Amino acid sequence: MPDLAGSGVVVTGAGHGIGRALARRMAAGGARVVVNDRDTAAAEAVAAEIGGYAAGGDAASEAGVADLVGRARAALGAIDVWFANAGVDRGKGLDAAEEDWAASLEVNVMAHVRASRLLVPEWLERGGGRFVVTASAAGLLTMLGSPTYSVSKHGAVAYAEWLAATYRHRGVVVQAICPQGVATRMLEEAGPLQELLGRDSVLTPEQVADAAWDALDDDRFLVLPHPEVGAYYAARATDTDRWLGGMNRIQQGLDQQLDLGGQR
């Protein structure tokens, strides 16, 4: 089993959903946890429940990330594990607004860049640290209907890959959690995509957190709470045109649903 007893852990976006489950699971494993969320009241509630430290506020902007890292170091002494979990799903289709593209890239990609700039140099000095990105199956495949989410989550995985390739030999472990359908507010608001996201199974946030916990023991890069995603990822890589054809057929079915529902 992973040994996080006494380790300093930060979880961003931990007031709800997967982040809250991660904070609870890490605390149950003996970690000292800083709970971050823009919803300060939610962060405080989770921190009180697990005996952690609440740090409400932004975890994406340059100033927000610097503030969070500083507060976390003050509370923990040192940060051993950073769960870059905060994410957004904004903007649909080809007409997604510039503001939605900007927000998606800021939160889903640049937040990770900014945090790692502040964390990795210290980890290199002391010989180790762990950076865990909550990406999505969309970061390995695609999310029909949402180019902003798809592109930014691909970016999150790509950046995590770069970190792993660059610093693994120097003790920095990087992992990417890539679930498919999870029972969160994001799934509830997915509309016609709910059926697609839940076609294999819909996991609870706690099941995702358990998968992340188990992955701490073997340092695997891809953490796949839905094992089926690994097969989809392999199919995408080995026969891309066939895979795209299958995704397009699914899109045609979604188009028909939207037509019948009078949403187009």
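Everything numeric here is computed off the predicted structure, so don't read it as measured data.

### Quick word on the overall build of the protein chain
Point 1. If you tally the helices and strands in the protein chain, you get 10 helices and 7 strands.
Point 2. In terms of overall dimensions, the protein chain is globule-like: its C-alpha atoms have a radius of gyration of 18 Å, near the 18 Å expected for 264 residues.
Point 3. Principal-axis analysis of the C-alpha atoms places the extent of the protein chain at approximately 55 × 40 × 30 Å.
Point 4. Evaluated residue by residue, the protein chain yields a buried proportion of 48% over its 264 residues.
Point 5. Long-range pairs, those at least 24 residues apart, make up 64% of the contacts in the protein chain with a sequence separation of at least 6.
Point 6. Carbon and sulfur atoms form 51% of the exposed surface of the protein chain, whose accessible area is close to 12100 Å².
Point 7. Positive and negative charge centroids in the protein chain, built from 23 and 33 side chains respectively, lie 3 Å apart.

### So, helix α5 (residues 147-167)
Point 1. The first and last C-alpha atoms of α5 sit 30 Å apart over 21 residues, in line with the 30 Å expected at 1.5 Å per residue.
Point 2. Listing the buried residues of α5 in full gives Thr148, Tyr149, Ser150, Ser152, Lys153, Ala156, Val157, Tyr159, Ala160, Leu163, Ala164 and Tyr167.

### Considering the pattern of salt bridges
Point 1. Following the criterion strictly, the structure yields 12 salt bridges and no others.
Point 2. Across the pair Asp80 and Arg126 runs a salt bridge whose closest N-O atoms are separated by 3.0 Å. With a gap of 46 residues between them, Asp80 in the loop between α3 (62-76) and β4 (81-84) and Arg126 in helix α4 (residues 98-126) connect regions that are remote in the sequence.
Point 3. Judged by relative accessible area, Asp80 falls into the partly exposed class, the value being 23%.
Point 4. Asp218 is the partner of Arg220 in a salt bridge, and the nearest nitrogen-oxygen pair spans 2.9 Å.
Point 5. Taking the relative accessible area as the measure of exposure, Arg220 reaches 35% and is therefore partly exposed.
Point 6. Members of the salt-bridge network, linked through shared partners, are Arg73, Asp80, Glu122 and Arg126.

### Some points on the nonpolar core
Point 1. With 40 residues, the main nonpolar core has Val10, Ile79, Trp82, Trp123 and Phe131 as its most contacted residues.
Point 2. Elements with a contribution of two residues or more to this core: α3, β4, α4, β5 (129-134), α5, β6 (172-177) and α10 (240-260).
Point 3. No other element matches α5, which puts 7 residues into this core.
Point 4. The contact partners of Ile79, leaving out residues within four places of it in the chain, are Gly8, Val10, Val69, Ala72, Arg73, Leu119, Trp123 and Arg126.
Point 5. Membership of the second largest hydrophobic core comes to 30 residues, among which are Leu4, Val132, Ile177 and Leu216.

### Section: unusual backbone geometry
Generally, phi is negative for residues other than glycine and the peptide bonds are trans, each holding for most cases.
Point 1. Its identity is not glycine, yet Asp219 carries a phi of approximately 65°, on the positive side.
Point 2. In this structure, Asp219 sits in the loop between α8 (205-215) and β7 (222-223).

### A few points about the sheet that holds β7
Point 1. Spatially, the 7 strands line up as an open sheet ordered β3-β2-β1-β4-β5-β6-β7, and their pairing is parallel. Each end of this open sheet is capped by a strand with a single partner; those strands are β3 (53-56) and β7.
Point 2. Relative to β4, strand β1 (residues 8-11) is paired through 3 bridges, and the arrangement is parallel. Counted as the bridge partner of Val9 is Val81 from β4.
Point 3. Strands in contact with α4 are β4, β5 and β6; relative to β5, the strand with the most contacts, it is inclined by about 165°.

Cut-off values and rules
- Residues numbered from 1 in each chain as written.
- Predicted model: local features only at pLDDT ≥ 70, side-chain atom pairs only at ≥ 80, totals over all residues.
- Heavy atoms only, no water.
- Helix = DSSP H or I, 4+ residues; strand = E, 2+ residues; numbered from the N terminus.
- Rg over C-alpha atoms; globule rule 2.2 N^0.38 Å.
- Buried < 20%, exposed > 50% of the residue type's maximum accessible area, 1.4 Å probe, protein only.
- Contact = heavy atoms within 4.5 Å.
- Areas by Shrake-Rupley, 256 points an atom, 1.4 Å probe, with all protein chains shown as cover.
- Lys, Arg positive; Asp, Glu negative; His and termini not counted.
- Charge placed at Lys NZ, Arg CZ, Asp CG, Glu CD.
- Expected span 1.5 Å × (residues − 1).
- Salt bridge = Lys/Arg side-chain N within 4 Å of Asp/Glu carboxyl O.
- Core = buried A, V, L, I, M, F, W, Y, C linked by side-chain atoms within 4.5 Å.
- Pairing = 2+ DSSP bridges.
- Axes fitted to C-alpha atoms, helices over the stretch in contact; angles between N-to-C directions.

These values are about where atoms sit, not about what they do.
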